[in-house]
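# Architecture at a glance
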Amino acid sequence: MKRRLLLLDIVLLWLVILAGTTLRGRWLEAREREQRLLGETVPAIPPPAIAPIPPVVPAKAMQYVEVAQKMLFSRDRSATVILDPPPPPPPPKPMPQLPSARGVMAFGGTPIVMLSEKPGTPHRGYRPGEKVGEFRLLAVNNTHILFEWEGLRVLRRLEDISDKSTAPAEAAPAAASAAALAAPQVVSPVRAAPGIQLGAETKACVPGDNSPPGTVADGYRKVVTQTPFGASCRWELSK
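So, here's what we can say about the structure. (Residues numbered from 1 in each chain as written. Predicted model: local features only at pLDDT ≥ 70, side-chain atom pairs only at ≥ 80, totals over all residues. Heavy atoms only, no water.)

Helix and strand counts for the chain come out as three helices and 11 strands. Expressed as a percentage of its 239 residues, the buried residues of the chain come to 18%. Counted over contacts in the chain with a minimum sequence separation of 6, partners at least 24 positions apart contribute 34%. Put simply, the chain shows about 19,500 Å² of open surface, and 63% of that area lies on carbon and sulfur atoms. (Helix = DSSP H or I, 4+ residues; strand = E, 2+ residues; numbered from the N terminus. Buried < 20%, exposed > 50% of the residue type's maximum accessible area, 1.4 Å probe, protein only. Contact = heavy atoms within 4.5 Å. Areas by Shrake-Rupley, 256 points an atom, 1.4 Å probe, with all protein chains shown as cover.)

If you want it as structure tokens, here you go:
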């Protein structure tokens, strides 16, 4: 019995020694591995390449065109400028009243028409090419007269523009007329001089002027022309 116990003790001791040896061997291996790992030099890893920061580009006005054209608080905002319509053209200038005609004198030369700018105003003779107020006389004959106003030609019949506003003077009372006719009249000599203005360079003869043709007075020369209707007398500007 003791022998068996001793054998068992020896076996157990051997197992303990075997286990201790195994554990010590593993511990030594672990320590050696630790020392080897601690003694190794780890190579340095190069840092990653870092790209440079892009430079700040200054803002351009065209990049904000969307902001300028559209506004959050106003949907009808638009960059299209709506111009006001042009004002209507002024109304055409009304044509003034045509001059009034008193008659035409044509004795083979340039016709002369007696005109007044307005009815009731003094009249005088005009030749084609002269201005009568705002009108210019272009042509005239025994029936028609042609004016120009603001580049517009106006043709009228003489009877349409005849001055009918001047009524004949009222007859004096019969007694006054008879007395005037019965009273003796003193005839004074007529001075050889031109009368009323007929045109730019022509004046009429004064009734009773018996001076011969060619007489010069006040810068005018007396001209007498024979016509089928008789002698025509006028004074022309002496040149």
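Turning our attention to the packing of aromatic side chains. Applying the stated criterion across every chain yields a total of one aromatic pair. On the basis of an interplanar angle of 65 degrees and a centroid distance of 5.8 Å, the ring pair of F135 and F147 is categorised as edge-to-face. On the criterion of sequence distance, the pair formed by F135 in strand β5 (residues 135-140) and F147 in strand β6 (residues 144-149) is long-range, its members being 12 residues apart. Neither residue differs from the other here; F135 and F147 are each classed as buried. (Phe/Tyr/Trp six-rings, centres within 6.5 Å; stacked < 30°, edge-to-face > 60°.)

Read across the open sheet, the four strands follow the order β4-β5-β6-β7; overall the sheet is antiparallel. A strand with exactly one partner marks an edge of an open sheet, and here the two such strands are β4 (131-132) and β7 (152-157). Bridge analysis of β5 against β6 gives four bridges, and the strand direction is antiparallel. Looking across to β6, one finds that A139 is bridged to L146. (Pairing = 2+ DSSP bridges.)

Read across the open sheet, the three strands follow the order β1-β2-β3; overall the sheet is antiparallel. Looking at the sheet topology across the chains shown, the edges are occupied by β1 (100-105) and β3 (124-126). Averaged over all pairs of adjacent strands, the angle between their axes in this sheet comes to 35 degrees, without regard to strand direction. (Axes fitted to C-alpha atoms, helices over the stretch in contact; angles between N-to-C directions.)

Next up on the list: the nonpolar core. In this structure, V113, L115, I145 and F147 are the most contacted members of the largest nonpolar core, which totals 15 residues. Elements with a minimum of two residues in this core: β2 (112-116), β5 and β6. The contact partners of F147, leaving out residues within four places of it in the chain, are L98, P99, L115, F135, R136, L137, L138, L152, R153, V154 and I161. (Core = buried A, V, L, I, M, F, W, Y, C linked by side-chain atoms within 4.5 Å.)

Quick look at the side chain of E130 now. Examined against the element boundaries, E130 turns out to sit in the loop between β3 and β4. Beyond its immediate sequence surroundings of up to four residues, E130 is in contact with R124, G125, F135, R136, L137, G199 and A200.

Residue E150 is not a glycine yet carries a positive backbone phi of 55 degrees. With respect to the secondary-structure elements, E150 resides in the loop between β6 and β7. We note that D218 has phi near 55 degrees; this positive angle belongs to a residue other than glycine. As for its placement among the helices and strands, D218 is situated in the loop between β9 (216-217) and β10 (220-227).

Together, M1, L5, L7, L8, V11, L12, W14, L15 and L18 make up an exposed nonpolar region whose accessible area comes to about 930 Å². Tracing the backbone shows M1 in the segment before α1 (2-39). (Patch = residues over 30% accessible without salt bridge, like charges linked within 9 Å, V, L, I, M, F, W, Y side chains within 5 Å. Salt bridge = Lys/Arg side-chain N within 4 Å of Asp/Glu carboxyl O.)

Another aspect to go through is the pattern of salt bridges. Any two side chains of opposite charge can pair if their charged atoms end up close together. This model, assessed by the stated rule, comprises four salt bridges. We note a salt bridge from K93 to E134, for which the minimum N-O separation is 3.7 Å. Residue K93 is found in the loop between α2 (65-69) and β1, and its partner E134 is found in the loop between β4 and β5; the two are separated by 41 residues along the sequence. Each of K93, E134 and E150 takes part in salt bridges that share partners, so that together they form one network.

Below, the discussion takes up the pairing of β6. Counting the residues between successive antiparallel strands, the hairpin from β5 to β6 contains three residues. In terms of strand pairing, β6 meets β7 through six bridges, oriented antiparallel. Residue L146 lies in a different strand from β7, and its bridge partner there is L155. Connecting β6 to the next strand, β7, in antiparallel fashion are two residues, including E150 with a positive phi near 55 degrees.

Time to look at the environment of E117. Note that E117 resides in the loop between β2 and β3. When its relative accessible area of 43% is taken as the criterion, E117 is described as partly exposed. Once you skip the residues sitting within four places of it in the chain, E117 turns out to touch Q97, L98, P99, V132 and G133.

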